[in-house]
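So you can see what is in the structure, the chains are spelled out below.
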Amino acid sequence: AVFTLIFSLLMAVNVMSCLAEEKTYINGIDANFPPFAFVDKEGNPDGFDVAVINWIAKDMGFKVKHQPMDWDGIIPSLKAKKIDMIASGMSITEARKKEVNFTLPYWKISQVLVAKADSDLTPETAMSEGKKIGVQRGTTEAKWIEENLIKGQGKKFELVYYDSAPLAIEDVINGRIVAAAMDDAPAQDAVKKKPVKILGGFGMPEEEFGYAVRKEDTELLNTLNEGLKKIMASPEWESLQVKYELK
Ligand code: ARG
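Residues numbered from 1 in each chain as written. Predicted model: local features only at pLDDT ≥ 70, side-chain atom pairs only at ≥ 80, totals over all residues. Heavy atoms only, no water.

### Remarks on the sheet that holds strand β11 (residues 158-162)
- In spatial order, the strands read β11-β10-β12-β9-β13; together these five strands make up an open sheet with mixed pairing. At either margin of the open sheet sits one strand with a lone partner, and together these are β11 and β13 (196-200). The average undirected angle you get between the axes of adjacent strands in this sheet is 35°.
- Note that strand β9 (residues 111-116) and β13 share four bridges and pair antiparallel. What sits directly across from L113, in β13, is G200.
- With respect to the sheet, helix α8 (residues 184-193) is in contact with β9, β12 (179-183) and β13, its orientation differing from that of β12 by roughly 125°. (Pairing = 2+ DSSP bridges. Helix = DSSP H or I, 4+ residues; strand = E, 2+ residues; numbered from the N terminus. Axes fitted to C-alpha atoms, helices over the stretch in contact; angles between N-to-C directions. Contact = heavy atoms within 4.5 Å.)

Here it is in C-alpha cells:
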C-alpha cells in the first residue's frame, strides 16, 4: 500500500510538471479581418488563422491566447513583447523581414477594389482625380498605393485611412468613399455579407501570408514551421478552408 501511495504521488508530480512545462504564447490578432481573424458575437477570437494556431498548439504542445489589438501597432507590440506571435493575415514583405521573422508562407493573396454593388466604376475610373479610396492603416496595400500610384504615377485620388477593412466597407456603402482597397479574402467575405462587389485588381503584385515572431525566438519559429507543415499535409487544412469559406 505504501508503494502504491508513493507511486501515485510520483505520477501526480510527474503529470503536474509536464503540464507546467507547456508554454503559453500570446498571439496578436486584428479583431476585424474575417475570415482569417475576428472576434465573434460572444467576444471570442475566431477565424482561419486562430483555428490553425489552435491546431498547431495542440499538436506541438503549447498553449495559446489570442489577443485582439490594433493592426497598425501590431509589429511594435510584438517587438515590445506584449505578444509573442502574429497569426492574423499578415503579408510577408522584405521591409517587415527587417523587423520580424516569418514562417513559411501558407496563403497566396491578391489585392482588389471593393465598391457598392450597383457601382459602374472600374478600378481605373475609381482611382481617378477627385475620388476617395479607402484603405486599412498599416497595410501593404496602403504603402504600395502611396508609393506606386500616388507618388509614382501621380494619380490624384485621395486615400482615406481606416483602422480595419470592415470600417472602410461601411463607408463604401454609405458613399463617403467610392471604393476600398484590400486583400481578396476579406473582400470576398464582405461581398457575401454586404451590398458590395469587387471591381477588380489595381496592379499590385500578389503576396503571401506568413506568421510572424520576434527575431530572437527561433524556437517558436521552428515550432510554428513544423506545425504548419503538419497541418498543411493533414485533411484539417482543407476542412478549415471550407469552414471559413476560403474555398
Ligand atoms: N496584406 C496586408 C498586409 O499584410 C493586409 C493585411 C491585413 N490583415 C489584417 N489582419 N488586418 O499588410
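### Considerations on the site of the ligand
- Taken together, the neighbourhood of the ligand is formed by 15 residues, with D30, S88, S91, R96 and T140 sitting nearest.
- A distance of 2.5 Å separates a nitrogen atom of the ligand from a polar side-chain atom of D30.
- Here S91 contributes a side-chain N or O atom positioned 2.7 Å from a nitrogen atom of the ligand.
- For the ligand, whose accessible area on its own is 340 Å², the fraction buried by protein is 100%.
- Broken down by secondary-structure element, the contributors of at least two residues to the shell around the ligand are β6 (85-91) and α6 (140-152).
- Counting residues per element, the shell around the ligand draws most heavily on β6, at four residues.
- Partitioned by chemical class, the residues of the shell around the ligand number three nonpolar, seven polar and five charged.
- Domain assignment of the residues forming the shell around the ligand places at least three in each of domain 1 (2-108 + 209-243) and domain 2 (111-200). (Near = heavy atom within 4 Å. Polar contact = N/O pair within 3.5 Å; in protein donor to acceptor, adjacent residues only side chain to side chain. Areas by Shrake-Rupley, 256 points an atom, 1.4 Å probe, with all protein chains shown as cover. Nonpolar A, V, L, I, M, F, W, Y, C, P; charged D, E, K, R; others polar. Domains from an automatic or database assignment.)

### Remarks on the pattern of salt bridges
- By the definition in use, this model includes 16 salt bridges.
- It is possible to trace a salt-bridge network through shared partners that takes in D84, R214, E216 and D217. (Salt bridge = Lys/Arg side-chain N within 4 Å of Asp/Glu carboxyl O.)

### Some remarks on the sheet that holds strand β3 (residues 37-39)
- Across the sheet, three strands lie side by side as β2-β3-β4; this open sheet has antiparallel pairing. Single-partner strands in this sheet number two, and they are β2 (32-33) and β4 (45-46).

### As for helix α2 (residues 48-60)
- With 13 residues, α2 should reach 18 Å at 1.5 Å per residue; the first-to-last C-alpha distance of 18 Å fits that figure.
- Directly beyond the C-terminal end of α2, a positive phi value near 80° is found at G61. (Expected span 1.5 Å × (residues − 1).)

### Some thoughts on the nonpolar core
- Grouped together as the largest cluster of nonpolar side chains are 29 residues, with contacts concentrated most on F36, F48, V52, M85, Y106, Y211 and L224.
- When residues of this core are traced back to their parent elements, those giving at least two are α2, β6, β8 (107-109), β14 (207-214), α9 (218-232) and α10 (235-243).
- A total of six residues in this core trace back to one element, the largest contributor, which is α2.
- Dropping the residues within four chain positions of it, V52 is found in contact with Y211, L228, I231, W237 and L240.
- Judged by nonpolar contacts, the second largest core, of 18 residues, contains M127, I133, A142 and M204. (Core = buried A, V, L, I, M, F, W, Y, C linked by side-chain atoms within 4.5 Å. Buried < 20%, exposed > 50% of the residue type's maximum accessible area, 1.4 Å probe, protein only.)

### What to know about the packing of α2 against α10
- At a minimum axis distance of 10 Å, the contact between α2 and α10 shows a crossing angle of 155°. The pairing of α2 with α10 is recorded here as roughly antiparallel in orientation. As for the relative orientation of α2 and α10, their crossing is right-handed in sense. Across from F48, A51, V52 and W55 in α2, the residues of α10 making contact are E236, W237, L240 and Q241.
- Residue composition of the contact of α2 with α10, by class: six nonpolar, one polar and one charged. (Parallel < 35°, antiparallel > 145°, perpendicular 65-115°, else oblique. Left-handed = near helix turned anticlockwise from the far one by under 90°.)

Coordinates in, geometry out; function isn't part of it.
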